[in-house]
Amino acid sequence: MSIFLSRSEYESVGNLAALLQHFSIEGVYAGGVLSGLDGYGNIGFSQGNDAFEIKRVASETTVALSERRSLSFFTPSLRMLSAYWCYDLQTKTLFPSDAFGYTIDSEDIEEGDAWQNLSARYWWLPGSDTAAIRQSLSDIFEKIEIERICPVHGCIISGRDKVFRHYELVQRMLRDANEH
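Residues numbered from 1 in each chain as written. Predicted model: local features only at pLDDT ≥ 70, side-chain atom pairs only at ≥ 80, totals over all residues. Heavy atoms only, no water.

Novice: So what exactly am I meant to see when it comes to the environment of Tyr-29 here?
Specialist: Within the secondary structure, Tyr-29 is located in strand E2 (residues 27-31). On a C-alpha basis, the gap between Tyr-29 and Ile-54 in space is 6.3 Å, while along the polypeptide they are 25 residues apart. Contacts of Tyr-29, omitting those with residues within four sequence positions, involve Ser-2, Ile-3, Phe-4, Leu-5, Lys-55, Val-57, Val-63, Leu-65 and Phe-73. (Helix = DSSP H or I, 4+ residues; strand = E, 2+ residues; numbered from the N terminus. Contact = heavy atoms within 4.5 Å.)

Written as structure tokens, this is what we have:
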């Protein structure tokens, strides 16, 4: 078994040490290079799992987990700097790290509340020119078929209609960001 972390910062590493103690985990897929922000230092990898490995993957990489299961990794523009997004080709599930995490209370969130949540996480959005971010998001949603969005925070968005609704909601919020 392997684990994907959208970013390897302290808040995202979570209970990895406890998981290592109780499950046979081969490794963690994480993006980028090891940095001072990584939260792996105090996990205690020597807790009985010598085969454990941190598997760094480059953006635009697809990794075969088995004969029938693959994950694609990429770094779109709507993200915190160290975050990667992941897409499960089999289940058509997008794991967009912090993006789409504005659905804190409900996937039926209204645009005003969604904007407050989104701009709280991405504090640099209000007043920004977001054309490149919108294009990056459009490229992703045109390239892959997404049935489910599972952000790190917020509600899971499931079903093509709901996924499309939230894609369009984010596009509108990004388009109007320079007006806030």
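Following the structure, the description resumes.
Novice: In this structure, what is going on with the packing of helix H4 (residues 131-143) against helix H5 (residues 160-175)? I would like to understand it.
Specialist: H5 packs onto H4 with a crossing angle of 165° between their chain directions and a minimal axis gap of 10 Å. Between H4 and H5, the angle falls in the class roughly antiparallel. Crossing of H4 over H5 shows left-handed handedness. Between H4 and H5, the residues in contact are Ile-133, Arg-134, Leu-137, Ser-138 and Phe-141 and Val-163, Tyr-167, Val-170, Gln-171, Leu-174 and Arg-175, respectively. By residue class, the composition of the contact of H4 with H5 is seven nonpolar, two polar and two charged. (Axes fitted to C-alpha atoms, helices over the stretch in contact; angles between N-to-C directions. Parallel < 35°, antiparallel > 145°, perpendicular 65-115°, else oblique. Left-handed = near helix turned anticlockwise from the far one by under 90°. Nonpolar A, V, L, I, M, F, W, Y, C, P; charged D, E, K, R; others polar.)

Novice: How do you make sense of the sheet that holds strand E5 (residues 70-74) when you look at a structure like this?
Specialist: Pairing between sheet strands relies on hydrogen bonds along the backbone, with the strands arranged either parallel or antiparallel. On the basis of which strands lie adjacent, the open sheet formed by six strands has the order E4-E5-E6-E7-E8-E9 and mixed pairing. If you trace the sheet from one side to the other, it starts and ends with strand E4 (61-64) and strand E9 (157-158), each paired once. Here strand E7 (residues 93-95) pairs with strand E8 (residues 148-149) via two bridges, running parallel. When the bridges of E8 are listed, Thr-93 appears paired with Arg-148. (Pairing = 2+ DSSP bridges.)

Novice: Would you mind going over the packing of aromatic side chains with me for this structure?
Specialist: For any pair of aromatic rings, geometry is given as the distance between the ring centres together with the angle between the planes. The full count for this structure, using the stated rule, is seven aromatic pairs. Their ring planes at 65° and their centres at 6.4 Å tell us that Trp-85 and Phe-100 sit as a pair that is edge-to-face. Residue Trp-85 is located in strand E6 (residues 85-88), and its partner Phe-100 is located in the loop between E7 and helix H3 (111-121); the two are separated by 15 residues in the primary sequence. Under the relative-accessibility criterion, Phe-100 is labelled buried at 0%. Aromatic side chains Phe-100 and Tyr-102 sit 6.3 Å apart centroid to centroid with 40° between the ring planes, which places their arrangement in the tilted category. Of the two residues examined, Phe-100 and Tyr-102, each falls in the buried class. Three or more aromatic residues joined by ring pairs form one cluster here, namely Phe-74, Trp-85, Phe-100, Tyr-102, Phe-141, Phe-164 and Tyr-167. (Phe/Tyr/Trp six-rings, centres within 6.5 Å; stacked < 30°, edge-to-face > 60°. Buried < 20%, exposed > 50% of the residue type's maximum accessible area, 1.4 Å probe, protein only.)

Function cannot be inferred from these measures alone, as they are strictly geometric.
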